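Results of the structural survey
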Amino acid sequence: MMKTISVKRTASKGVVMGKAYVVKRPDLSADRSMINDSAVAAEVARYEAAVEAAKADLAELAETNAIFGAHLELVQDPTLCDGVIDKIKGELKNAELSLEETVDMFAAIFESMDDEYMRERGADMKDVGKRLMCKLKGVEDNALSAIHEKVIVVAKDLAPSDTAVMNLEYVLGFITQEGGVTSHVSIMARNLNLPALVGVEGILDEVNTGDMIAMDAKVGTIILNPDEAAVAEYTEKMEIFAKRERELAEIALLPAETIDGKTVELFANVGSIEDIKNALPHHIEGIGLFRTEFLYMENDHFPTEEEQFEVYKEAAELLEGKEVIIRTLDIGGDKSLTYFDFGVEENPFLGYRAIRICLDREDVFKTQLRALLRASAYGNIRIMYPMVISVEELDRCNALLTECKEELRAEGKAFNEEIVVGMMIETPSSCVLADEFAKRVGFFSIGTNDLTQYTLVVDRGNKKISNMYNSFHPSVLRNIKRAIDCGHAAGIKVGMCGEFASDPKALKVLLGFGLDEFSMSAGAVSEVKAELRSTTYAAAKELADKVAQCAYVKEIEDLLN
Ligand code: PEP
Ligand code: MG
């Protein structure tokens, strides 16, 4: 039966129709009952069959993703197989329990080793254990890698690493039960230019794999099992959407300037070379944020200097002399790595993350800095540090950068001696100290996604309080204004790479505050340009001056409406 669901938070625009693919994550805990002697042979056989089935899957997956090649070796490793079978035979534990205990034991051994490569094998061991457990229990997990027809992916939540296993060619859009507009699933969807709706309560109870879905991610409507009339309506909507996209493609060719001639830079946010290639046709003037964490998340090891150098070099070359702002590793929070143990944290967003990890793991950080420096010989690369809270941190980052430069000079390796280094303004501390930071960096880029969550103390991914997550809050706006004013007082460029930069309602205020560069998912650039071209700077300034005086959220909202 047809059913319509309205969604308040749209994550990435677009209209689409297709079959649902519901991602189910099964319970993989082992049954703890013991077996009799007579059941031993059958349990061993069950385990061996599970290994064969996992091997078959992994052999196929290994053709497209190197991570799975390592898993294929591990799944047939005699130490693991013998460990499980010995437990079944010797301790009379069922196959699931024997597997769980063996995997936990090996993973713990790996993870306690000094050698980093060996420690990383602990995560692989757990992944392989999960796969074998699915086979034993006859359930599916990691279902994302199994998608091989065009579908709308419906999931409780999607982590950035999930997209690494999906074949995106088949993904028409995303719907998730959890997540907010600035959660990473939303950002990914926008970078991929895929329609997405997030925080859709109860969606998993409503829809099954194979159900037809029509969704309008701009308005925020999901229609389950659309009837003929709805299909016709959505077919028309898809056409209208495509027509608007064509209009925007024309606007994309025009300069980013207001009616009275004030120009700003419209840049794109990307997470990969693929994203850059998708962004270039939108006539962007540069890359305002290259999130390098995806390079780390899609790997089974910390990417080497050479691996990173190739990517950054390609990015620089693709931009042909235009600015490419590459952010150093911003991991932690909701972004994890399979091969690095962050430990359990009560408050990961306030914990061991981003620049804190880089300054703790100087080896990891210097590898990236060296790769960035070397790539700077091939284009206009700028380096940007995330999550900085103190001048000491900034100084330490720059000291390590200087060390890297000295090393490269000694090795006779080329890099841009004049490379510009900047930082993100995404913590309240960096706003308070913006005058100090501005004297010490080449540019600022305001990360409103985090700046909003930290200024307002509202988790950016928490659906329950998402109505409190508001970048139009006067505190957030005043922080933004302060960063821009301090940046300009020191003569540096101030950009914004948080999602707020592409909010059509925010445009006039940010323009009026004097923001120099707006960086966003490439798909949003033309829309913002259209808005900009129908605005005057004079009016924007007048509005921004009024907004800056407001104490109440409501006053600001009234002014903007
Ligand atoms: C931000 O915080 O605004 C930002 C751009 O960084 P990320 O969304 O990757 O945390
Ligand atoms: Mg951030």
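Since the model is a prediction, treat every value here as computed from it, not as a measurement.

If you tally the helices and strands in the protein, you get 23 helices and 16 strands. For 561 residues, the compact-globule estimate of 2.2 N^0.38 gives 24 Å, and the protein sits close to it at 25 Å. The C-alpha extent of the protein, read off along each of the three principal axes, is 85 × 70 × 40 Å. When burial is assessed residue by residue, the protein has 55% of its 561 residues classed as buried. The contacts in the protein between residues at least 6 apart in sequence include a share of 67% that link residues at least 24 apart. Accessible area for the protein stands at about 23,700 Å²; split by element, carbon and sulfur atoms hold 51% of it.

Moving on to the coordination of the magnesium ion (ligand 2). Looking at the metal site, the magnesium ion (ligand 2) is ligated by Glu426 (OE) and Asp450 (OD), spaced 2.0 to 2.1 Å from it. Of this pair, Glu426 sits in the loop between strand S13 (420–425) and helix H16 (428–432) while Asp450 sits in helix H18 (residues 448–456), and the two are 24 residues apart along the sequence. In this structure Glu426 comes out as buried when scored by relative accessible area, which is 2%. What makes Asp450 buried here is its relative accessible area of 3%.

Any aromatic ring pair is given by two values, namely how distant the centres are and how the planes are angled relative to each other. For the structure shown, the criterion picks out nine aromatic pairs. Seen in terms of ring centroids, Tyr296 and Phe302 are 6.2 Å apart; in terms of plane orientation they differ by 75°. Their pairing is edge-to-face. Residue classification places Tyr296 among the buried positions, given a relative accessible area of 1%. Here the aromatic rings of Phe309 and Tyr378 are separated by 5.9 Å at their centres, their planes lie at 65°, and the arrangement is edge-to-face. One end of the pair, Phe309, is in helix H12 (residues 305–318); the other, Tyr378, is in the loop between helix H14 (362–375) and strand S12 (380–385), and 69 residues separate them in sequence. Using a relative accessible area of 38% as the deciding quantity, one classes Tyr378 as partly exposed. Members of the aromatic cluster, each reached through a chain of ring pairs, are Tyr296, Phe302, Tyr339, Phe340, Phe342 and Tyr352. The aromatic ring of Tyr537 is capped on one face by Lys262, whose charged end is 4.8 Å from the ring centroid.

Turning next to the pattern of salt bridges. Counting across every chain of the model gives 49 salt bridges. A salt bridge links Lys135 to Asp57, with the nearest nitrogen and oxygen atoms 2.7 Å apart. Within this pair, whereas Lys135 is found in helix H5 (residues 116–137), its partner Asp57 is found in helix H1 (residues 40–62), the two being separated by 78 residues in sequence. The partly exposed category is assigned to Lys135, whose relative accessible area is 32%. By relative accessible area, which is 29% here, Asp57 ends up partly exposed. Overlapping salt bridges, with partners in common, bring together Glu305, Glu306, Lys366, Arg370, Arg374, Glu403, Glu407, Glu411 and Lys413 in one network.

This part covers the site of ligand 1. Neighbouring ligand 1 are 16 residues, the closest being Arg291, Arg327, Gly447, Asn449 and Arg460. Within the side chain of Asp450, an N or O atom sits 3.0 Å from an oxygen atom of ligand 1. Here ligand 1, which alone exposes 290 Å², has 100% of that area covered by the protein. Under a 2 Å grid-point criterion requiring more than half of the atoms, the pocket assigned to ligand 1 is the largest cavity. Counting residues per element, the shell around ligand 1 draws most heavily on H18, which supplies three residues.

With that settled, consider the domain arrangement of the protein. Under the domain assignment, the protein is made up of domain 1 (3–25 + 142–229), domain 2 (37–137) and domain 3 (292–343 + 351–425). Computed over C-alpha atoms only, the centres of domain 1 and domain 3 are separated by 32 Å.

Soluble globular proteins: nonpolar side chains tend toward being buried together. In this structure, Val153, Tyr385, Phe444, Ile446 and Ile480 are the most contacted members of the largest nonpolar core, which totals 120 residues. Two domains each donate at least three residues to this core, and these are domain 1 (3–25 + 142–229) and domain 3 (292–343 + 351–425). For Val153, the residues in contact, after removing those within four places along its chain, are Tyr21, Val23, Leu144, Ile147, Leu158, Met166, Val171, Gly173, Phe174 and Ile175. Core analysis: the next-biggest nonpolar cluster, separate from the first, contains 33 residues, Tyr47, Ala54, Leu74 and Ile88 among them.

Okay, helix H15 (residues 391–411) next. Working note: α-helix, 3.6 residues per turn, so residues spaced by three or four point in the same direction. Its 21 residues place the ends of H15 30 Å apart at the C-alpha level, agreeing with the 30 Å of an ideal helix rising 1.5 Å per residue. Residues of H15 that are buried sit in contact with helix H13 (355–360), H14, S12, S13 and helix H17 (434–438). Trailing H15 by a residue or two, Gly412 shows a phi angle of about 70°, which is positive.

Take unusual backbone geometry next. Of note in the backbone geometry, Asn225 takes a positive phi value of approximately 45° without being a glycine. Looking at where Asn225 falls in the secondary structure, it is placed in the loop between strand S8 (221–224) and helix H9 (228–251). You can call Asn225 partly exposed: its relative accessible area is 29%.

Looking now at the sheet that holds strand S11 (residues 323–327). Strand order in the closed barrel formed by eight strands is S9-S10-S11-S12-S13-S14-S15-S16, with parallel pairing between adjacent strands. The mean angle between the axes of side-by-side strands here comes to 30°, regardless of whether they run parallel or antiparallel. Taken together, the five bridges between S11 and S12 define a ladder with parallel strand orientation. Bridge assignment links Ile325 to a residue of S12, and that residue is Arg382.

For helix H3 (residues 78–91), with 14 residues, the first-to-last C-alpha span of 19 Å sits near the 20 Å given by 1.5 Å per residue. Within H3, burial applies to Leu80, Cys81, Val84, Ile85, Lys87 and Ile88. Axial view of H3: buried residues confined to an arc of 150°, hence all on one face. The outward face of H3, more than 90 degrees from its buried face, is lined by the exposed residues Pro78, Lys89 and Gly90. One or two positions beyond H3, positive phi appears at Leu92, with a value near 50°.

Taken as a whole and assessed by the stated rule, the structure comprises two cavities of 30 Å³ or more. Here the largest cavity defines a volume of roughly 110 Å³. In terms of lining, the largest cavity is formed by 16 residues, of which the most central are Arg291, Arg327, Glu426, Asp450 and Arg460. Those elements that place two or more of their residues in the lining of the largest cavity are strand S10 (287–291) and H18.

What counts, and at which threshold
Residues numbered from 1 in each chain as written. Chains lettered and ligands numbered in written order. Predicted model: local features only at pLDDT ≥ 70, side-chain atom pairs only at ≥ 80, totals over all residues. Heavy atoms only, no water. Helix = DSSP H or I, 4+ residues; strand = E, 2+ residues; numbered from the N terminus. Rg over C-alpha atoms; globule rule 2.2 N^0.38 Å. Buried < 20%, exposed > 50% of the residue type's maximum accessible area, 1.4 Å probe, protein only. Contact = heavy atoms within 4.5 Å. Areas by Shrake-Rupley, 256 points an atom, 1.4 Å probe, with all protein chains shown as cover. Donors = N, O, S within 2.8 Å, 3.2 Å for Na, K, Ca; no water. Phe/Tyr/Trp six-rings, centres within 6.5 Å; stacked < 30°, edge-to-face > 60°. Lys NZ or Arg CZ within 6 Å of the ring centre and 35° of its normal. Salt bridge = Lys/Arg side-chain N within 4 Å of Asp/Glu carboxyl O. Near = heavy atom within 4 Å. Polar contact = N/O pair within 3.5 Å; in protein donor to acceptor, adjacent residues only side chain to side chain. 1 Å grid on protein atoms, 1.4 Å probe; cavity = no way out; pocket = protein on both sides within 12 Å on 5 of 7 lines; lining within 4 Å. Sits in = over half its atoms within 2 Å of the grid points. Domains from an automatic or database assignment. Core = buried A, V, L, I, M, F, W, Y, C linked by side-chain atoms within 4.5 Å. Expected span 1.5 Å × (residues − 1). Pairing = 2+ DSSP bridges. Axes fitted to C-alpha atoms, helices over the stretch in contact; angles between N-to-C directions. Arc of directions from axis to C-beta. Points joined across faces, edges and corners; volume = space filled by probe spheres on them.

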